[in-house]
Amino acid sequence: ARCSHTGVYFNGGLYVFGGELATADEYHHYKDLWRLDLKSHQWKEIVAKDGPTSRSGHRAIVWRHYMVVFGGFYEALRETKWHNDLYLFDFQTE
């Protein structure tokens, strides 16, 4: 199951970005963006050009017609990279 992702609501949809899969056997970070239509209950993957790198533990909010993603981290074996970046996804370009 996915954890440490973010979710925001905009215009009838729940948008979920990033996070990680963490089990005893697997550990993987995601960089995908999904929209759940709250009326039809259908998921759709949103392909965002030049989106943020794989991460978890980040934060996201809606500002005007944007999903704003900030920070987070990427961990692989003995390396951890902390992000201090900001990404804007424009809902109007979906």
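Look above for the structure.
Everything numeric here is computed off the predicted structure, so don't read it as measured data.

Procedures and definitions
Residues numbered from 1 in each chain as written. Predicted model: local features only at pLDDT ≥ 70, side-chain atom pairs only at ≥ 80, totals over all residues. Heavy atoms only, no water. Pairing = 2+ DSSP bridges. Helix = DSSP H or I, 4+ residues; strand = E, 2+ residues; numbered from the N terminus. Axes fitted to C-alpha atoms, helices over the stretch in contact; angles between N-to-C directions. Core = buried A, V, L, I, M, F, W, Y, C linked by side-chain atoms within 4.5 Å. Buried < 20%, exposed > 50% of the residue type's maximum accessible area, 1.4 Å probe, protein only. Contact = heavy atoms within 4.5 Å.

Caption draft 1: How the structure looks around the pairing of strand β10 (residues 73-76). Where β10 lies against strand β11 (residues 79-82), 4 bridges are found, and the strand directions are antiparallel. Looking at β11, one finds that Tyr 74 is bridged to Lys 81. Counting the residues that bridge the hairpin from β10 to β11 gives 2 residues, and of these Leu 77 lies at a positive phi of roughly 55°.

Caption draft 2: Layout of the sheet that holds strand β8 (residues 59-63). Spatially, the 3 strands line up as an open sheet ordered β8-β9-β12, and their pairing is antiparallel. Either end of the sheet is taken by a strand with one partner, and the two such strands are β8 and β12 (86-90). Averaged over all pairs of adjacent strands, the angle between their axes in this sheet comes to 20°, without regard to strand direction. Note that strand β9 (residues 66-70) and β12 share 5 bridges and pair antiparallel. Across the sheet, the residue bridging to Val 68 is Leu 88, located in β12.

Caption draft 3: Representation of the nonpolar core in the model. Listed in full, the 11 residues of the largest apolar core are Val 8, Tyr 15, Phe 17, Leu 33, Ile 46, Ala 60, Met 67, Val 69, Tyr 87, Phe 89 and Phe 91. Residue assignment for this core shows that the elements contributing at least two residues are β3 (13-17), β9 and β12. When neighbours within four sequence positions are excluded, Phe 91 is seen to be in contact with Val 8, Phe 10, Tyr 15, Val 62, His 65, Tyr 66 and Met 67.

Caption draft 4: Structural detail: unusual backbone geometry. One non-glycine residue with positive phi stands out, namely Ser 4, at about 60°. Examined against the element boundaries, Ser 4 turns out to sit in the loop between β1 (2-3) and β2 (6-10). Even without being a glycine, Arg 64 presents a positive backbone phi close to 55°. Tracing the sequence through the fold places Arg 64 in the loop between β8 and β9. Residue class for Arg 64 comes out exposed when judged on its relative accessible area of 66%.

Read these as geometric descriptors, not functional statements.
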